[in-house]
Amino acid sequence: MNTIPKHARLLITAAPMALMIAGPAQAQTGPVEAPVATTSAAQRAQPDAGIVDADAQAGEDIIVVGTAGGGTRRQDAAFAVTTLSNDAIERAAPNSTADLLRTVPGVMAESSGGQNGANIFVRGYPSGGDAQFVTFQLGGVPIFPPSTLSFLENSQLIRLDETVQRVEAVRGGTGSLFSNGQPGLTVNVVPRIGGDTFKGFAKFSYTDYDEVRGDAWVSGPLGGNTSFMVGGYYAQGNGIRDPRYRAEKGGQITANIHHDFDDNKGSVEIYARYLNDHGQWLLPIPIVQNGSSITAYPGFDAGTGTLAGPETRVTTNLVGRRVDLAEGRGADVINTGITFDYEVASGLRVRERLSYLGGSADTVGLVPADAPTAASTLAVTLGGAGSTVTGLTYTNGGGAVATGASTPLMRAGIWEVRKKISSFVSDSALEWTAGSNKLTGGFYYANYTTRDNWSLGNQILLTATPNARVVDMTLNGSRAATLRGFTGGPTFLVNAGYEGNDYALYAVDELQITPELRIDGGLRWQRHEVSGTIRTPAAGTVNLDGNPNTLYDNAIAVIGGSRQIDYGDSKWSWTAGVNYDFTRAVGVFARYSRGNSFPAFDNLREGLTIVAQVDTYEGGLKVSLPWVSLYATGFHNTFDGLATTQIINNVPSSATGGAKATGVELEGTLRPFRGFSLNASGTYLDATYRGFFTNGGLIDNTGNRVQRQPRWGWRVTPAYEVPIGSVRPALFATLQYTGDRFSDPENNQLLPHFYQLDAGVSVDVFDHVRLQVTGNNLTNEIGLTEGNPRIIGSQGTGPILARPILGRSFRFSAAVSF
């Protein structure tokens, strides 16, 4: 990390997955003044004192999302926000970008899928997966305006590294008005900028599962009020779930040039970020479930096992397509832009944020279809009633499978999804301040495209073992059930190109009525337009060789003719809030907001044109004292008009309807004496469906709990630092609880509650060297985050498919700064 001042002591620190709220917080007195963008820039130019004076108050973090202007401190924000400094992120040691969000109350983030492909759920909003109501921003601009497309959510397009100064997460609140109008969670990644002195940083880290990673950055002045920053990371390894080939590889480089205008008039910043990184797409594996009891499947380590292996890495499917699983899931994209802020006249400021992103975001993975089943049972599945196994051999050498028809086998699909993506975003605003009133008006425009080529299905027969072997099966009647292990070809194909355009006008007024009382209100009008040309499977299938005894190719999907989509709709969003400060350190807020979520490309492909509407009522208490910080938020939301699709039995299935949720979010830190902190956070959520139908409208889930979001979740993080001369050792740990959930809307697949224990130790030497060890999931808990999302109904008891959290691991790092 950056140099930590000699007077610095621990304010809030966390183990992996622990909540961290930090920033250069100093107690202040006097009237509240709304900081401007240059305040934020100045803060970013300072050394990253994420570990700061234990006697300082929290709450001074500069928030630049969820606000009309350049930012405000957390204590003054009339909405729920969590801020994490760079040091906070390092102490949390997240396994992925999405993994960091498990520190945010009201958010359920499942990072068990690896570096990419996370499922993130917010405040009881119903969703089938991915991150439909989560937007990631870089410097206040959406990275990619659609928060989720099938096989692509925002966290896939950005990585956290040492060039990140802080991360801000705003839940609900004013998110429906600004930027792309996200009513759920807006996560802003704020990069470092240079200052008036030359600085640098380098870090090397290594894990006990043989991943190596290097991070570095340098920054400094370019003359006058201009500075630069450039840095990034590179990493490679096989991953904790080792497929026995290089599955994780890539890096990111970020650069910016920042200029502050004279007389504090404003600033301009040009930036570019290039990401080329991919990793294994981690999917459900065999485990054993009996009610709420979860155990490992025999021979399959629940924390480190994976079906993928050398035999499945490179395959050629039945239609001749060669696929390499080492490509995994990731992104090869460039994101560049400019932010401009200038006071054109007294009290009048103009702001402009422009961003362009372009590249590819592909997904290649081994997707399990069914739990381990005896070969004799699978013979009936593949060949029909009366079918028996007459031959079972290893495809890639090794002869006959010794245990024959009793051998546990399973099928998994070689899925390939290619996406070429682009986006252009412009967010222009004028801010006029007169006395105690601030009026902001703006125009938002976004153009975004994707070019999709999918091939789903392509199921292959495997042994139910880690790094599974490929198997060929023949049935009675001289029928071949497989070819090169494949039991079938593609079942769902997509060849499509889409273009979206969003236009929005917004206006927000903030009035400081008294030094203690502030009110605000705003409106947003948005127009959403989508056009596209789509080709999906033809109505019938084909038999490739015309031979009915070769069962594997008797029902191959082929691409059908093209069709057009042309969609357009407009909606209004609005909000009103009030904030009252009893003192500088104690305040309350209340807010009502209405937001909308328009149908994305994949919804429109399936004919789902519903616009989701979210009404949220929330209120909270904020306390920022030297010895304690507390933020408590209660909320109630009603959700109507969800329209989504899931891949069920290898083809899309629609889900439509609504939900309601009531909850409480708590987070705070206790600092009873110097060097010690006790951080805690928790969420209570009562979220149920209403008028919500799945399986193409055949199943009514009204009254069921919203899938994959627990009623209770909490984490507790004690931390202690003891300076010894020029050496500062620190100990930290986190105990996290995730309550019972259901993997499916029908509430048939139980995901039992679990605890996760993480811990670490760091040592700072002479303010310039840091050595750190973090341990994740120290008890090797088998905590399930997903069942089998590709079926409807219960999986029964015994062997099932599920995706557990990653097993116990350790990361060692050494860093130096100057």
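Whatever comes next refers back to the structure up there.
All of the points below concern the structure found in this document. Think of each chain on its own: its residues are numbered from 1, step by step along the sequence as written. Where totals are concerned, whole chains, interfaces and linings use all residues; where local detail is concerned, this predicted model gives features only for residues with pLDDT of at least 70, and gives and counts side-chain atom pairs only at 80 or more. Hydrogens and water molecules were not included; the side-chain quantities draw on all heavy atoms of the structure.

1. What to know about the overall build of the protein chain
When helices and strands are counted, the protein chain shows five helices and 48 strands. A radius of gyration in this sense is built from C-alpha atoms; the matching globule rule multiplies 2.2 Å by the number of residues raised to 0.38. Taken over the C-alpha trace, the protein chain has a radius of gyration of 27 Å; the compact-globule value for 818 residues is 28 Å, and the two agree within 12%. A burial count over the protein chain gives 62% of its 818 residues as buried. Here, two residues are considered to be in contact whenever any of their heavy atoms come within 4.5 Å of each other. Put simply, of all contacts in the protein chain between residues at least 6 apart along the chain, 72% involve residues at least 24 apart. Here the open area of atoms and residues is found with the Shrake-Rupley method and a 1.4 Å probe, where only the protein chains shown may cover a residue. Of the roughly 27,100 Å² that the protein chain leaves accessible, carbon and sulfur atoms contribute 58%. Strands are runs of DSSP state E lasting at least 2 residues, helices are runs of H or I lasting at least 4, and numbering of each runs from the N terminus. Classification of residues uses two cut-offs on accessible area relative to the type maximum, computed with a 1.4 Å probe and protein chains only: under 20% is buried, over 50% is exposed, and between them is partly exposed.

2. Topic: helix α4 (residues 375-383)
The complete set of buried residues in α4 reads Ala375, Leu378, Ala379 and Leu382. Projection of α4 onto a plane perpendicular to its axis shows the buried side chains occupying an angular sector of 110 degrees, all on one side. Those residues of α4 hidden inside the fold are in contact with β24 (373-374), β25 (389-394), β26 (408-434), β28 (459-463) and β29 (471-475). One or two positions beyond α4, positive phi appears at Gly384, with a value near 95 degrees. Here the arc refers to the directions that run from the helix axis out to each C-beta atom.

3. With respect to the side chain of Gln707
Counting through the fold element by element, Gln707 comes out in the loop between β39 (699-700) and β40 (712-721). For Gln707, a relative accessible area of 2% translates into the label buried. Leave out the neighbours within four places in its chain, and Gln707 touches Ser127, Gly128, Gln646, Tyr689, Phe742, Ser743, Asp744 and Pro745.

4. Details of the sheet that holds β29
Spatial strand order, β25-β29-β30: three strands in an open sheet with antiparallel pairing. The outermost strands of the open sheet, each flanked by one partner alone, are β25 and β30 (479-480). Pairing between strands is defined by DSSP: at least two bridges between the two strands are required. Here β25 runs beside β29; their pairing, made up of five bridges, is antiparallel. Counterpart to Gly391 in the pairing with β29 is Thr474. Along the sheet face, α4 touches β25, β29 and β30 and points at about 65 degrees away from the line of β29. Throughout, an axis means a line fitted to C-alpha atoms (over the contacting stretch in the case of helices), and angles, computed between N-to-C directions, take values from 0 to 180 degrees.

5. What to know about the nonpolar core
If you look at the biggest cluster of nonpolar residues, it comprises 72 residues, and the most contacted ones within it are Leu101, Ile120, Val134, Phe136 and Leu157. Take this core: its biggest share by element is seven residues, from strand β31 (residues 490-512). Apart from the residues within four sequence positions on either side, Ile120 is in contact with Ala98, Leu101, Val107, Met108, Ala109, Asp130, Ala131, Val134, Phe136 and Glu153. To form a nonpolar core, buried Ala, Val, Leu, Ile, Met, Phe, Trp, Tyr and Cys residues must be joined to one another through side-chain atoms within 4.5 Å.

6. Quick look at the pattern of salt bridges
We define a salt bridge as a side-chain nitrogen of Lys or Arg found within 4 Å of a carboxyl oxygen belonging to Asp or Glu. The final tally for this structure, using the stated rule, is 34 salt bridges. The salt bridge involving Glu211 is made with Arg811; its shortest N-O contact spans 2.9 Å. Remark: Arg811 occurs in strand β48 (residues 809-817) and Glu211 occurs in the loop between β12 (199-207) and β13 (212-223); sequence separation between them is 600 residues. By relative accessible area, which is 25% here, Arg811 ends up partly exposed. When the shortest N-O distance is used, the salt bridge between Glu327 and Arg418 registers 2.7 Å. One end of the pair, Glu327, is in the loop between β20 (322-324) and β21 (329-345); the other, Arg418, is in strand β26, with 91 residues separating them in the sequence.

7. Comments concerning the packing of aromatic side chains
Where two aromatic rings form a pair, the distance of their centres and the angle of their planes describe that pair. Centres within 6.5 Å make a pair out of two Phe, Tyr or Trp rings, where for Trp the six-membered ring is used; the pair is then stacked when the planes are under 30 degrees apart, edge-to-face when over 60, and tilted otherwise. One pass over the full model with this rule turns up 28 aromatic pairs. Plain terms: the ring middles of Phe144 and Tyr448 are 6.4 Å apart, the flat faces sit at 70 degrees to each other, and that makes the pair edge-to-face. Residue Phe144 is found in the loop between β7 (141-142) and β8 (148-149), and its partner Tyr448 is found in strand β27 (residues 437-457); the two are separated by 304 residues along the sequence. Here Phe144 falls in the buried class, since its relative accessible area comes to 1%. Owing to a relative accessible area of 3%, Tyr448 belongs among the buried residues under this scheme. Ring geometry for Phe151 versus Trp454: centroids 5.1 Å apart, planes at 90 degrees, classification edge-to-face. Placement of Phe151 in the loop between β8 and β9 (152-153) and of Trp454 in strand β27 is noted, with a sequence separation of 303 residues between them. What makes Phe151 buried here is its relative accessible area of 8%. Feature note: the residues Phe151, Trp281, Trp415, Trp454 and Phe492 constitute an aromatic cluster, connected by ring pairs. Remark: a charge is flagged as sitting over a ring if the NZ atom of Lys or the CZ atom of Arg is within 6 Å of the ring centre and within 35 degrees of the ring normal. A cation over a ring is seen here: Arg123 above Phe635, with NZ or CZ 4.5 Å from the ring centre.

8. Thoughts on empty space enclosed by the protein
Grid points spaced at 1 Å over the protein atoms alone were grouped into cavities, where a 1.4 Å probe fits but cannot get out, and pockets, open sets with protein on both sides within 12 Å along at least five of seven lines, with lining residues defined by an atom within 4 Å of a point. Grid points are joined across faces, edges and corners, and a volume is the space filled by probe spheres set on the points. For the coordinates displayed, the defined rule picks out 16 cavities of 30 Å³ or more. In this structure, the second largest cavity encloses a volume near 770 Å³. Along the walls of the second largest cavity sit 41 residues, with Pro94, Asn95, Gln115, Arg213 and Arg811 positioned nearest its centre. For the lining of the second largest cavity, the secondary structure elements donating two or more residues are α2 (86-92), β12, β13, β14 (226-237), β15 (248-260), β16 (266-279), β45 (769-776) and β48. Tallied by class, the residues present in the lining of the second largest cavity amount to 11 nonpolar, 17 polar and 13 charged. Amino acid classes used here: Ala, Val, Leu, Ile, Met, Phe, Trp, Tyr, Cys and Pro are nonpolar; Asp, Glu, Lys and Arg are charged; the rest, including Gly, are polar.

9. Quick notes on the environment of Leu642
Along the chain, Leu642 falls in strand β36 (residues 628-648). Residue classification places Leu642 among the buried positions, given a relative accessible area of 1%. Sequence separation of Leu642 and Gly266 is 376 residues, and the distance between their C-alpha atoms is 42 Å. With near-sequence residues (within four places) excluded, Leu642 lies in contact with Pro126, Ser127, Gln132, Phe133, Ile610, Ala612, Ala655, Thr656, Gly657 and Phe692.

10. Overview of the pairing of strand β37 (residues 651-670)
Examined bridge by bridge, β36 and β37 share 19 bridges and lie antiparallel to one another. By the bridge assignment, His636 is partnered in β37 with Thr662. Following β36, the chain reverses through two residues before pairing antiparallel with β37; Asn649 in that reversal takes a positive phi of roughly 50 degrees. One ladder, built from 14 bridges, connects β37 with strand β38 (residues 676-694); its direction is antiparallel. Residue pairing across strands places Leu670 opposite Leu678, the latter belonging to β38. Connecting β37 to the next strand, β38, in antiparallel fashion are five residues, including Gly675 with a positive phi near 95 degrees.

11. Quick notes on the sheet that holds strand β47 (residues 798-804)
Here four strands make up an open sheet; going across it, the order is β18-β17-β47-β46 and the pairing antiparallel. Looking at strand neighbours, the two that pair on one side only are β18 (293-296) and β46 (784-786), the edges of this open sheet. The sheet shows a mean angle of 60 degrees between the axes of neighbouring strands, taken without regard to direction. Across four bridges, the pairing between strand β17 (residues 285-290) and β18 is antiparallel. By the bridge assignment for β18, Ile287 is matched with Ala296.

12. A short note on the pairing of β14
Here β14 lies mainly inside the structure; nine of its 12 residues are buried. As paired strands, β13 and β14 are joined by 11 bridges and run antiparallel to one another. When the sheet's bridge partners are listed, Arg213 is paired in β14 with Ala235. The hairpin turn running from β13 into β14, its antiparallel successor, is two residues long, and Gly224 in that turn takes a positive phi close to 65 degrees. Of the pairings in the sheet, the one linking β14 to β15 comprises 12 bridges and is antiparallel in character. Pairing of Gly232 across the sheet is with Ile253, part of β15.

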